[in-house]
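Take a look at the letters that make up each chain.
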Amino acid sequence: MSLFSTIFDVIVVGGGHAGSEAAAASANMGAHTLLITMNLQNIAQMSCNPAMGGIAKGQIVREIDALGGYSGIVTDKTAIQFKMLNKSKGPAMWSPRAQSDRMQFAECWRTMLEQTDNLDFYQDSVNGLLFDGNKIIGVKTALGLEIKAKTVIITAGTFLNGLIHIGDKSFGGGRAGEGASTGITEDLVAKGFESGRMKTGTPPRVDGRSLDYSKMTEQPGDEITEKFSYLPTTKSLQKQRSCWLTYTNLEVHDLLREGFDRSPMFNGRIQSTGPRYCPSIEDKIDRFATKERHQIFVEPEGWTTVEMYVNGFSTSLPEDIQDKAIRSIEGFENVKFLRYGYAIEYDFFQPTQLTHSLETKLIENLFFAGQINGTTGYEEAAAQGLMAGVNAALKTQEKEPFILKRNEAYIGVLIDDLITKGTEEPYRMFTSRAEYRTLLRQDNADLRLTPLGFKLGLASQERLNRVVEKQEKTDLLIQFLHETSVKQEEVNPILEAKNLALINQSVKLYKVAARPQLDFSDFKVIPKVNAFLEENGIDKEIIEQAEIDLKYAGYIEKERNNADKLNRLENVVIPSSFKYDKLKSLSFEAREKLNKIKPTSISQASRISGVSPSDISVLLVYMGR
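Parameters and conventions
Residues numbered from 1 in each chain as written. Predicted model: local features only at pLDDT ≥ 70, side-chain atom pairs only at ≥ 80, totals over all residues. Heavy atoms only, no water. Core = buried A, V, L, I, M, F, W, Y, C linked by side-chain atoms within 4.5 Å. Buried < 20%, exposed > 50% of the residue type's maximum accessible area, 1.4 Å probe, protein only. Helix = DSSP H or I, 4+ residues; strand = E, 2+ residues; numbered from the N terminus. Contact = heavy atoms within 4.5 Å. Axes fitted to C-alpha atoms, helices over the stretch in contact; angles between N-to-C directions. Parallel < 35°, antiparallel > 145°, perpendicular 65-115°, else oblique. Left-handed = near helix turned anticlockwise from the far one by under 90°. Nonpolar A, V, L, I, M, F, W, Y, C, P; charged D, E, K, R; others polar. Expected span 1.5 Å × (residues − 1). Arc of directions from axis to C-beta. Pairing = 2+ DSSP bridges.

Enquirer: Hey, could you run me through the nonpolar core in this one?
Expert: Soluble, globular proteins show a tendency: their nonpolar side chains are buried together. Residues Ile 11, Ile 147, Ile 154 and Ile 411 are the most contacted members of the largest nonpolar core, which totals 106 residues. No other element matches helix α9 (residues 378–396), which puts eleven residues into this core. When neighbours within four sequence positions are excluded, Ile 147 is seen to be in contact with Leu 3, Phe 8, Ile 11, Leu 34, Ile 36, Tyr 122, Leu 130, Ile 137, Gly 138, Val 139 and Thr 141. Counting residues in each nonpolar core, the second largest holds 26 residues, with Phe 480, Val 491, Leu 509 and Phe 523 among its members.

What follows is the structure, given as structure tokens:
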């Protein structure tokens, strides 16, 4: 096989989290895929913090896994700590998060990709795109190769015209020690694409041997750990590494302010927008001037390395200011720096220029995924990569695109938000963005998505079998709870121990089990309950699923009804050639936005900023609804 004569089904440009998931997905669906990256040693590199998951992000990783992606498996295999966040809140808010061994993470990803059929690799920089009219037909590389493909997915991360800033110094680069990517933006702008600039940053890395942990608060992982992947091939952690918590103080803030005149954020050299929910330390002390301290999490970079990630101290201030200020944080008095923090500016393209499949509207067969679409975070990038990989493969197979709705997955919310609303700052997923978050829990991603992944040829038969078994056993347990009566003498000791109201007659077990203060495990002391669980092989996962279904039945039903209403509007399709200008009853802003975004349904149109309920009424009337 020669690169000069092969026409690939899919070329993936960039080997970060988006590119890795895209390449795995398209190859696993049978598409001959080529992953082109600037450095094969840096596939799936964790450029920023060594962690996966978190609030809403953990749900995304579980969704990727449920569909048949790799991120959950890699995270489980390389985790050094696991936590389920928000356990004190309702299950819609529970979010898994794992600290990862940075080096093992990238190595595991590369190994899994190399074991994937239909996937080839090539190390080079893509600096141009090949077009035939309004179709993409391949890429040009820095070495002058022209490589042809039926579809191309660009996942360039922070590398597109990347510019690194530390204090008053700036230099081109997509990541510390790696060059920027040039040429792609220029080719796209020449084709009519609208580009912009965004900023992100990273904190210093320090030598853990130089820190005094006795002055910090230990942050261990959960006592009973879970995992991301639904497959039994990965195991939950038996041992873990702790993180540590300390705080900035007023002295630290004063020392940081000394460098503000040399900060690229404040002297005008950085004009692009950074992530609102992950601001730099200088941004935090400027915006929250009255706050006396900010949290600093000290996170190990792996099992054996001494390198520590200083989470909460992201900065682009000069090195001498970083050095001086961090030494005033408790535990950092004798710190040794391994790397200084820096900011990076890079090109992105307004995601309103994409369809729900992540294919661009202007150029057929060209897909974007990851930070090129204005997002931030490994998880958001990986989700887009998976969806772009799936849809590029489907395009080569002349099949309909695969699109997840807002009530089906956080991934659906993410993509719909991006292409419908666009973004003016790096987009990050939160549970609050999902109006159906009670349906989109981390515990049921397999029930929601694995049957869809199996139909695509992405999720294995083993995955589907496990989902069918999980649903059957959950239904069986719920049926048992509804049919089984318990007497006062069986239940009242359990209720009494928790200071709860006692029962005065026999009741069906589900009525007591639905009480929010009780866990189903409390009822294992009742012999017939314990016998039922053992006879039917009902484990912790099934119990949790049934418990959530039982206790939150009212909320779940309400959201399902709301989702059904939304889907009725999704079914009111707007033709792509629809002329909004002829509807004079529409507001001027609505006509402008609708013409630009070209929504595919009334439901999507209703989510566009500037399109009012009265504008939607006009559209519905015109369409005979």
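Structure shown, so let's carry the discussion forward.
Enquirer: So what exactly am I meant to see when it comes to the packing of helix α12 (residues 461–483) against helix α15 (residues 527–535) here?
Expert: A pair of packed helices can be characterised by two numbers: the angle between their axes and the separation between those axes. One can describe the packing of α12 onto α15 by two numbers: an axis separation of 11 Å at closest approach and a directional angle of 160°. As the angle between them shows, α12 and α15 are arranged roughly antiparallel. Judged by the twist between their axes, the crossing of α12 over α15 is right-handed. Taken together, the residues of α15 that come into contact with α12 (itself represented by Leu 476, Leu 477 and Phe 480) are Lys 528, Val 529, Phe 532 and Leu 533. Among the residues making up the contact of α12 with α15, the classes are represented as six nonpolar, no polar and one charged.

Enquirer: How should I be thinking about helix α11 (residues 445–456) in this particular structure?
Expert: Helical periodicity: at 3.6 residues per turn, an α-helix aligns residues three or four positions apart in one direction. Look at α11: 16 Å from first C-alpha to last across twelve residues, which is about the 16 Å you get at 1.5 Å a residue. For α11, the set of buried residues is Ala 445, Asp 446, Arg 448, Leu 449, Thr 450, Gly 453 and Leu 456. Buried residues of α11, seen end-on, are gathered within an arc of 165° and therefore sit on one face of the element. Check the buried side of α11 and you find it contacts α2 (57–67), α9, α12 and α16 (540–551). Where α11 ends, the next residue or the one after it, Gly 457, has phi of about 90°, a positive value.

Enquirer: Can you walk me through the sheet that holds strand β4 (residues 79–85) in this structure?
Expert: Ordered in space as β3-β5-β4, the three strands form an open sheet in which the pairing is antiparallel. In the strand order of this sheet, the two ends are held by β3 (51–53) and β4, each with one partner. The sheet shows a mean angle of 15° between the axes of neighbouring strands, direction not considered. Pairing of β3 with strand β5 (residues 95–100) involves three bridges; the strand directions are antiparallel. If you follow Ala 51 over to β5, its bridge partner there is Gln 99. The strands touched by helix α3 (residues 71–78) within the sheet are β3, β4 and β5, with β4 carrying the most contacts at an inclination of about 115°.

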